[in-house]
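# Summary of structural features
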Amino acid sequence: MEFLIAQLSRYVIIILFALYTFYCFRAFSRKTREGKDRVFKVQRSLTVLILLLCGTILIMENKEVKYLILLVLELAFYLIFGKIYQIFYKGLSKLVLNNMMLCITIGFIMLGRLKYDYAVRQLIMATIAMGICLLVPLFIERITIWERLGWQYALVGILCLLLVFVIGVERKGAINWISVGGVSLQPSEFVKIIYVFFIAGLLSKFRDFKHVVIISGVAAVHVVILVLEKDLGAALIYFITYLVVLYVATMQVGYLGAGLGAGVAASVIAYKLFSHVRTRVIAWREPWEHINNEGYQICRSLFAIGTGGLFGMGLGQGLPESVPVVESDFIFSAISEELGVIFSVCLILVYISSYIMFVNIAMKMKKLFYKLTAFGLSVVFIFQVFLCIGGATKFIPSTGVTLPLISYGGSSIITTIVIFSIIQGMYVLNGREEALKGERETAEEKGEKIKS
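Residues numbered from 1 in each chain as written. Predicted model: local features only at pLDDT ≥ 70, side-chain atom pairs only at ≥ 80, totals over all residues. Heavy atoms only, no water.

## With respect to the overall build of the chain
The helix and strand inventory of the chain stands at 19 helices and three strands. A compact globule built from 452 residues should have a C-alpha radius of gyration of about 22 Å, and the chain, at 23 Å, falls within 12% of that. Dimensions of the chain, computed from the C-alpha atoms along their principal axes, are close to 80 × 55 × 40 Å. For the chain, restricting intrachain contacts to residue pairs at least 6 apart in sequence, the fraction spanning at least 24 positions comes to 74%. Total accessible area on the chain stands at roughly 20400 Å², and carbon and sulfur atoms take up 67% of it. Treating the 42 positive side-chain charges of the chain as one cloud and the 29 negative ones as another, the clouds have centres 6 Å apart. (Helix = DSSP H or I, 4+ residues; strand = E, 2+ residues; numbered from the N terminus. Rg over C-alpha atoms; globule rule 2.2 N^0.38 Å. Contact = heavy atoms within 4.5 Å. Areas by Shrake-Rupley, 256 points an atom, 1.4 Å probe, with all protein chains shown as cover. Lys, Arg positive; Asp, Glu negative; His and termini not counted. Charge placed at Lys NZ, Arg CZ, Asp CG, Glu CD.)

As structure tokens, this is what we get:
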């Protein structure tokens, strides 16, 4: 009976998620606030239905009360923080909020399916992150202070990255974690936000050739440290983010071309010097020839995606545990296997709609610092999505990065929620300034009419 319900429910889940994805792009075509609000209300209802349906399936399959309690807590998280967040971020982008909450919900579902403890820890970390982000608007209002800093961000970022060489621990072949009081953190996850502030703060003030060279050199120090830590995914994210922000700030194609050329040269050198780089390239190029060694992980990932097909095997009916590190780097494989390729494609489209909104928000910013920061954070977000999904599908070599808001990991989910919140905070502040400007102009017009 449970198997039959799981099989039937997979179609319902896909339909609900496809509708949600449709409304993501439908929101862009709505002209009135009332029309947009109706779309967002439907999205929230669809998210709750997906959570309830998937949570019920997990309860039926595991037959344990703790899964019912987990579902209640996840639903409470969604409803409570969905309301509180809008109180602290008045005038926010509801599409960005809905997408963030949906992806967090999908993460709860998949992690609960993989291991109960994963979902509990993720729920705790997401709660902490949301609590922290309620304070973001207070910091954004004092953004002029943060805008003046530049080299200070670089100094703090580099010192934090170097910290792993002192008290770091090795995981999955990379020395990019630190453990403090039994709590493990990944400095590169948090530093990437500081890194964006560093490049946005300096490039918003200095865009002449001399300063660009100096700033590029300091940015390169961040990347080199990450390469030495064997954190290739983070190194790529930092590198691409800098190139995009540099181009947006200067609009010089030459800088972009020189950066890409330097990146290619650095990749060749890294391939020659570092064995872990060669291992990942071998696993990507010929996984089937090395299925028992370097290519095992990617082969298992491809098997899982292929087994799921268009509609998936049903939640709880697959074997995602056969993929190494499936809860973090390869959670996209688990989603594809049990919920199907259609669901996975819709998830990619949801990420893309979030990125479109990020870029839209960045374009509306009047201050260059706001604009560059929003652009930088949006690139950090979408490029991480690309690296994770690209690695799981053998489109590119695996780089060991997580899927934003969904993969297991406290550092990852806290950082991504903070990124969403910073962009939301800037959007809110920009909207407030525009409203005040409009009120002043209206008052001036009325004054002129009275005088005449």
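After presenting the structure, the write-up continues.
## Section: the packing of aromatic side chains
Applying the stated criterion across every chain yields a total of 22 aromatic pairs. The interplanar angle of 65° and the centroid separation of 5.5 Å between the aromatic rings of phenylalanine 358 and phenylalanine 381 together place this pair among those described as edge-to-face. You can see phenylalanine 358 sitting in helix 17 (residues 341–364) and its partner phenylalanine 381 sitting in helix 18 (residues 368–392), a full 23 residues away along the chain. Overall, phenylalanine 358 belongs to the buried group, its relative accessible area being 0%. Residue phenylalanine 381 is classed as buried on the basis of its relative accessible area of 3%. Among the aromatic residues, those joined into a cluster by ring pairs are Trp151, Tyr195, Phe198 and Tyr238. Across from the ring centre of tyrosine 116, 4.5 Å away, lies the NZ or CZ of lysine 66, which sits over that ring. (Phe/Tyr/Trp six-rings, centres within 6.5 Å; stacked < 30°, edge-to-face > 60°. Buried < 20%, exposed > 50% of the residue type's maximum accessible area, 1.4 Å probe, protein only. Lys NZ or Arg CZ within 6 Å of the ring centre and 35° of its normal.)

## Side note on the nonpolar core
Ranked by internal contacts, the top residues of the largest apolar core, which has 129 residues, are Phe17, Met100, Phe198 and Leu403. Residue contributions to this core peak at 14 residues, all from helix 4 (residues 94–114). Apart from residues no more than four positions distant in its own chain, phenylalanine 17 is found in contact with Ile50, Leu102, Ile106, Phe343, Cys346, Leu347 and Val350. (Core = buried A, V, L, I, M, F, W, Y, C linked by side-chain atoms within 4.5 Å.)

## Considering the packing of helix 16 (residues 331–339) against helix 17
Two numbers describe a pair of packed helices, the interaxial angle and the distance between the axes. Axis separation between helix 16 and helix 17 bottoms out at 6 Å; the angle between their running directions is 135°. Between helix 16 and helix 17, the angle falls in the class oblique. Touching Phe332, Ile335, Ser336 and Leu339 of helix 16 are Val341, Phe343, Ser344, Leu347 and Ile348, all from helix 17. Broken down by class, the residue content of the contact of helix 16 with helix 17 amounts to seven nonpolar, two polar and no charged. (Axes fitted to C-alpha atoms, helices over the stretch in contact; angles between N-to-C directions. Parallel < 35°, antiparallel > 145°, perpendicular 65-115°, else oblique. Nonpolar A, V, L, I, M, F, W, Y, C, P; charged D, E, K, R; others polar.)

## A few points about the state of the cysteines
All chains considered together, the criterion is met by zero disulfides. There is no disulfide at cysteine 24, and the cysteine sulfur nearest it, in cysteine 103, is 8.8 Å away. Not part of a disulfide, cysteine 299 finds its nearest cysteine sulfur in cysteine 388, a span of 18 Å. (Disulfide = S-S within 2.5 Å.)

## Focus on the confidence of the model for the chain
Of the residues in the chain, 93% have a pLDDT of 70 or more, and the chain-wide mean is 89. Mean pLDDT values for the elements of the chain range from 70 in helix 7 (residues 143–148) up to 96 in helix 4. (pLDDT = per-residue confidence, 0-100.)

## Examining the environment of alanine 270
Examined against the element boundaries, alanine 270 turns out to sit in helix 13 (residues 253–273). On the basis of relative accessibility, which here comes to 14%, the residue alanine 270 falls in the buried class. Sequence separation between alanine 270 and leucine 203 is 67 residues, and the spatial gap between their C-alpha atoms is 28 Å.

## Quick word on the packing of helix 2 (residues 33–62) against helix 4
Viewed as axis vectors pointing N to C, helix 2 and helix 4 meet at an angle of 5°, and their least axial separation amounts to 10 Å. In terms of orientation, helix 2 and helix 4 fall into the roughly parallel class. Across from Asp37, Phe40, Gln43, Arg44, Thr47, Ile50, Leu51, Cys54 and Leu58 in helix 2, the residues of helix 4 making contact are Lys94, Leu95, Asn98, Asn99, Leu102, Thr105, Ile109, Gly112 and Arg113. Looking at side-chain class alone, the contact of helix 2 with helix 4 contains eight nonpolar, six polar and four charged residues.

## Some words on the pattern of salt bridges
Applying the stated rule across the entire model yields five salt bridges. Notably, a salt bridge pairs glutamate 338 with arginine 113, separated by 2.9 Å at the nearest N-O pair. In this pair, glutamate 338 sits in helix 16 while arginine 113 sits in helix 4, placing the two residues 225 residues apart along the sequence. Across this residue pair, the class does not change: glutamate 338 and arginine 113 are buried. Across the pair glutamate 189 and lysine 192 runs a salt bridge, and its minimum N-O distance is 3.0 Å. Taken together, the positions of glutamate 189 and lysine 192, both in helix 10 (residues 187–203) and three residues apart, correspond to about one turn of that helix. The residues glutamate 189 and lysine 192 share a single accessibility class, namely buried. Each of Arg113, Glu321 and Glu338 takes part in a single network of salt bridges with overlapping partners. (Salt bridge = Lys/Arg side-chain N within 4 Å of Asp/Glu carboxyl O.)

## Overview of the side chain of serine 412
Here serine 412 is to be found in helix 19 (residues 410–451). Classification of serine 412 as buried rests on a relative accessible area of 4%. Those residues in contact with serine 412 that sit more than four places away from it in its chain are Glu189, Gln384 and Thr402.

## Focus on unusual backbone geometry
At lysine 394, a residue that is not glycine, the phi angle is positive and equals roughly 65°. Relative to the assigned elements, lysine 394 resides in the loop between helix 18 and helix 19. Judged by its relative accessible area of 26%, lysine 394 is partly exposed. Positive phi outside glycine occurs at leucine 405, with the angle close to 75°. By the element assignment, leucine 405 lies in the loop between helix 18 and helix 19.

## Focus: helix 13
Compared with the 30 Å implied by 1.5 Å per residue over 21 residues, the 30 Å span of helix 13 between its first and last C-alpha is a close match. Buried within helix 13 we find Gly259, Gly263 and Ala270. What you see down the axis of helix 13 is that its buried residues fit within an arc of 45°, all on one side. Seen from the open side of helix 13, the exposed residues pointing more than 90 degrees away from its buried face are Val253, Gly254, Ala258, Val264 and Lys272. Among the structural elements, helix 12 (232–250) and helix 14 (275–285) are those in contact with the buried residues of helix 13. (Expected span 1.5 Å × (residues − 1). Arc of directions from axis to C-beta.)

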